[in-house]
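# What the coordinates show
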Amino acid sequence: MALTRGEDMALLEIKNIRKSFGDNVILRGIDLTVEKGDVVAILGPSGSGKTTMLRCINYLETADEGQMTFNGKTYDLAHTSSKDIGIIRKRTGFVFQNYNLFKNKTALENVTIGLTVARKTPREEAERRGMELLERVGLADKAKHYPGQLSGGQQQRVAIARAVAAKPDIIYFDEPTSALDPELIGEVLLVMKQLADTGMTMMVVTHEMEFAKNVSSHVVFMEHGVIVEEGTSEEFFNRPKNDRTKEFLRLEQDSVLSSNKGV
């Protein structure tokens, strides 16, 4: 089921993505359209295929089947050349659950390494942009700190700055707050909201329902490797159509209420 919006406006369109690991079928034919400026929240229980979908469209996993149209060019996800993968990755960013920072490099070096190594940006120019981005995520004073000297929330903000550094067309976020202590989640979500406010196109696998409700423009609910329901954020949370979606939202709401009561 694809988002019913104008294909001529699409930045990214994926069709019939399928992926299995041995006998374990993870994705069962995913269709999705993302327009420029969209913030798409991808929700669903663990094991529903959310992360695998993101990894397939950024070639961290190879899909068994499927097509992707990105910036007007169509690719066979199961058979894409290394050259084309490199081109696509230069136009995308990826923020992982566990930061994936280089432990032996400073915050600034982590932000700039993709510019200096992959894009051959002059070091002075790269460092200038790196400092601008660290300031933007509130970490200019931590530029010379190593990951081991930073909190989890600070490391994830460095990772976001790194993803933004190359001015990508879209950034994929794979549960960016799942590894964080509860008190650190807010600082990362605030940076993501600020990024969304600039018009950055984002796909966000998340369990943060308030972010999905208040920041995302569209919501996708997945289970068992298929899209169960999708729609605008307002439609999804206020007028869900599918019974499974209604149950998921009810259970999430019950979980929040229990947490607030200290249960």
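Above this text sits the structure in question.
Rules used throughout
Sequence positions are assigned chain by chain, starting from 1 and proceeding in written order. Thresholds applied to this predicted model are a pLDDT of at least 70 for local features of residues and 80 or more for the giving and counting of side-chain atom pairs; totals over whole chains, interfaces and linings are not thresholded and use all residues. Heavy atoms from the whole structure form the basis of all side-chain values; hydrogens and water molecules are not counted. Relative accessibility under 20% of the residue-type maximum defines a buried residue, over 50% an exposed one, and the middle range a partly exposed one, all with a 1.4 Å probe and only protein chains included. Secondary structure follows DSSP: runs of H or I at least 4 residues long count as helices, runs of E at least 2 residues long count as strands, and numbering of each begins at the N terminus. Any carboxyl oxygen of Asp or Glu that lies within 4 Å of a side-chain nitrogen of Lys or Arg is treated as forming a salt bridge with it. Following DSSP output, two strands are said to pair if at least two bridges run between them. To get an axis, fit a line to the C-alpha atoms, keeping to the stretch in contact for a helix; angles then go from 0 to 180 degrees between the N-to-C directions. Only heavy atoms enter the contact rule, under which two residues are in contact if any of them lie within 4.5 Å. Angle categories: roughly parallel below 35 degrees, roughly antiparallel above 145, roughly perpendicular from 65 to 115, and oblique for all the rest. Left-handed describes a crossing in which the near helix is turned anticlockwise from the far one by less than a right angle; the clockwise case is right-handed. The residue classification treats Ala, Val, Leu, Ile, Met, Phe, Trp, Tyr, Cys and Pro as nonpolar and Asp, Glu, Lys and Arg as charged. All others, Gly included, are polar. Classification of ring pairs rests on two measures: the distance between centres of Phe, Tyr or Trp rings, Trp counted by its six-membered ring, which must be within 6.5 Å, and the angle between planes, read as stacked under 30 degrees, edge-to-face over 60 and tilted in between. The set of buried Ala, Val, Leu, Ile, Met, Phe, Trp, Tyr and Cys residues whose side-chain atoms join them within 4.5 Å is what this entry labels a nonpolar core.

Along helix α1 (residues 50-57), six of the eight residues are buried, which leaves the element largely enclosed by surrounding structure. Phi turns positive one or two residues past the end of α1, at Tyr59, with a value near 65°.

Let us now look at the pattern of salt bridges. Following the criterion strictly, the structure yields nine salt bridges and no others. Here Arg91 and Asp169 are joined by a salt bridge, their closest N and O atoms 3.0 Å apart. With Arg91 in the loop between α2 (82-90) and β6 (92-95) and Asp169 in the loop between α5 (152-165) and β7 (170-174), the pair connects residues that are 78 residues apart, well separated along the chain. Under the relative-accessibility criterion, Arg91 is labelled partly exposed at 32%. Here Asp169 falls in the partly exposed class, since its relative accessible area comes to 21%. The partner of Arg239 in a salt bridge is Glu234, and the shortest N-O contact between them spans 2.8 Å. Given a relative accessible area of 40%, Glu234 falls into the partly exposed group. Each of the salt bridges in this network shares a partner with another, and the network as a whole consists of Glu223, Arg244 and Glu247.

Read from one edge of the open sheet, four strands run β2-β1-β4-β5, paired in antiparallel fashion. Either end of the sheet is taken by a strand with one partner, and the two such strands are β2 (24-35) and β5 (73-76). Mean inter-strand twist for the sheet, computed between neighbouring axes without regard to direction, equals 15°. Looking at chain direction, strand β1 (residues 10-21) and strand β4 (residues 65-70) are connected through five bridges and run antiparallel. Paired with Ile14 across the two strands is Met68, which belongs to β4. Across the face of the sheet, α1 comes into contact with β1, β2 and β4 while running at roughly 115° to β1.

Another point: the packing of helix α4 (residues 123-136) against α5. Running from amino to carboxyl end, α4 crosses α5 at an angle of 135°, the nearest separation of the two axes being 9 Å. For the element pair α4 / α5, the angle class is oblique. α5 is crossed by α4, and the crossing has right-handed handedness. Contacts from Arg129, Leu133, Leu134 and Arg136 of α4 reach α5 at Val158, Ala161, Val164 and Ala165. The residue makeup of the contact of α4 with α5, split by class, is six nonpolar, no polar and two charged.

Between two aromatic rings, the relevant description is the distance of the centres plus the angle of the planes. One pass over the structure, following the stated rule, counts four aromatic pairs. Ring geometry for Phe94 and Phe96: centres 4.6 Å apart, planes at 35°, overall tilted. Since its relative accessible area comes to 9%, Phe94 is described here as buried. Taken together, Phe94, Phe96 and Tyr172 form an aromatic cluster joined through their ring pairs.

Let us look at the nonpolar core. Within the largest apolar cluster, 39 residues are counted, with the highest numbers of intra-cluster contacts made by Val158, Ile160, Ile171, Phe173, Met192, Leu195 and Met202. Broken down by secondary-structure element, the contributors of at least two residues to this core are α3 (107-118), α4, α5, β7, α6 (182-197) and β8 (201-205). The biggest single contributor to this core is α6, with eight residues. Excluding residues that lie within four positions of it along the chain, Ile171 makes contacts with Gly93, Phe94, Val95, Ala163, Val164, Leu195, Met200, Thr201, Met202 and Met203. In terms of nonpolar packing, the next biggest core, distinct from the first, is built from 32 residues, Ile17, Leu32, Leu54 and Ile57 among them.

Scope: geometric values only; no functional claims are made or implied.
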